[in-house]
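Residue-level structure breakdown
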Amino acid sequence: RAGGVPGREEVRFQGVRLYLVERKMGRSRRSFLTQLARSKGFMVEDVLSDAVTHVVSEDCQASSLWTWLRGRDVKNLPAMHVLGISWFTDSMKEGKPVAVETRHLIEEILQSGHSFEVEKTLSDEKYQTLKLFTSVFGVGPKTAEKWYRGGLRSFSDVLAAPGIHLNRMQQSGFLHYGDISRAVSKAEARALGNLIDEAVRAVTPDAVLALTGGFRRYRPCLLLSAAIPEMK
């Protein structure tokens with residue numbers, strides 16, 4: 001039987017290719033689980049390759065597993081889900097690939113100091129683009145998502161797009177982007193805080209003003225809060 005070809009069984013999930021790691025699992029158990037998965041319509045590869053989307057292992061030693069995986073010379077490893085047997089068990093129970101949850105991952109963060117899942121998200125084009133757009137004062141997640149769906153990927157794309165109409169807050173956000181995105185020192189924040197404190201106390205004498213966030217940990221922060229609502 002060729003790798004990834006489940007014989008007469010119908011392949012129901014074309015976008016999912018499993019690879020069961022024999023280490024710690026054993027050959028007979030791996031063979032049994034392979035047949036079980038294929039009987040439910042899963043495609044199971046006999047060899048670890050770049051076509052694999054989900055790697056399933058019973059190895060509790062994350063460091064040794066990652067050492068073994070990296071030694072397989074697979075270029076697409078960062079894009080794969082490396083999972084414990086609980087994901088496989090849940091998927092067999094549901095009869096379909098279940099969503100990957102934190103409890104399904106290997107302890108790669110504790111063992112190796114980083115997570116391929118996090119690295120994959122951080123390097124994703126959509127994540128990077130939405131992060132860039134929402135860094136502009138007045139641009140919220142909905143607008144950033146709309147711009148991304150419209151094929152825009154940079155500030156120059158947005159400013160040159162004929163169908164984009166920026167509101168006053170967004171215009172100011174782009175115009176003063178450098179100043180607004182610059183980290184504010186604690187001294188600057190205190191100076192501004194004093195002005196706000198005077199204005200607030202003129203209305204409510206009993207009011208208390210406190211710096212929050214990174215300022216309380218003596219770190220420079222952005223002056224504007226990310227919680228500022230998007231203007232429509």
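Computed from a predicted model, the values in this text were never measured in an experiment.

1. Focus: the confidence of the model for the protein
- Chain-level statistics for the protein give a pLDDT mean of 80 and a share of 78% at 70 or above.
- Segment residues 108-113 is flagged for pLDDT under 50; beyond a separation of four residues in sequence, or across chains, it makes eleven contacts in the model.
- Predicted confidence for residues 220-232 stays below pLDDT 50, and this span has 28 contacts to residues more than four positions away or in other chains.

2. Notes on helix H3 (residues 85-94)
- Within the span of H3, buried status applies to Trp-87, Phe-88, Ser-91 and Met-92. When H3 is viewed along its axis, its buried side chains cluster within an angular range of 130° and face the same direction.
- In this structure, the buried side of H3 is in contact with strand E1 (17-20), helix H1 (27-39), strand E3 (54-57) and strand E4 (81-84).
- Positioned one or two residues after H3, Gly-95 has a phi angle of 75°, which is positive.

3. A short note on the pattern of salt bridges
- Under the definition given, this model contains eight salt bridges.
- Of the charged contacts in the structure, one is a salt bridge between Arg-29 and Glu-58, with a shortest N-O distance of 2.8 Å. You can see Arg-29 sitting in helix H1 and its partner Glu-58 sitting in the loop between E3 and helix H2 (62-70), a full 29 residues away along the chain.
- Linking Asp-197 and Arg-201 is a salt bridge whose minimum nitrogen-to-oxygen distance equals 3.1 Å. With Asp-197 and Arg-201 both in helix H11 (residues 186-203) and four residues apart, the pair spans about one turn of that helix.

4. Examining helix H9 (residues 168-175)
- All of the buried residues in H9 are Gln-170, Gly-173 and Phe-174. One face of H9 carries all of its buried residues, which in axial projection span an arc of 90°. Facing away from the buried side of H9 by more than 90 degrees, the exposed set consists of Arg-168 and Leu-175.
- Contacts from the buried residues of H9 go to helix H7 (141-149), helix H8 (155-160) and helix H10 (177-181).
- One side-chain oxygen at the N-terminal end of H9 lies 3.1 Å from the backbone nitrogen of Met-169; it belongs to Asn-167.

Criteria and thresholds
- Residues numbered from 1 in each chain as written.
- Predicted model: local features only at pLDDT ≥ 70, side-chain atom pairs only at ≥ 80, totals over all residues.
- Heavy atoms only, no water.
- pLDDT = per-residue confidence, 0-100.
- Contact = heavy atoms within 4.5 Å.
- Buried < 20%, exposed > 50% of the residue type's maximum accessible area, 1.4 Å probe, protein only.
- Helix = DSSP H or I, 4+ residues; strand = E, 2+ residues; numbered from the N terminus.
- Arc of directions from axis to C-beta.
- Salt bridge = Lys/Arg side-chain N within 4 Å of Asp/Glu carboxyl O.
- Polar contact = N/O pair within 3.5 Å; in protein donor to acceptor, adjacent residues only side chain to side chain.

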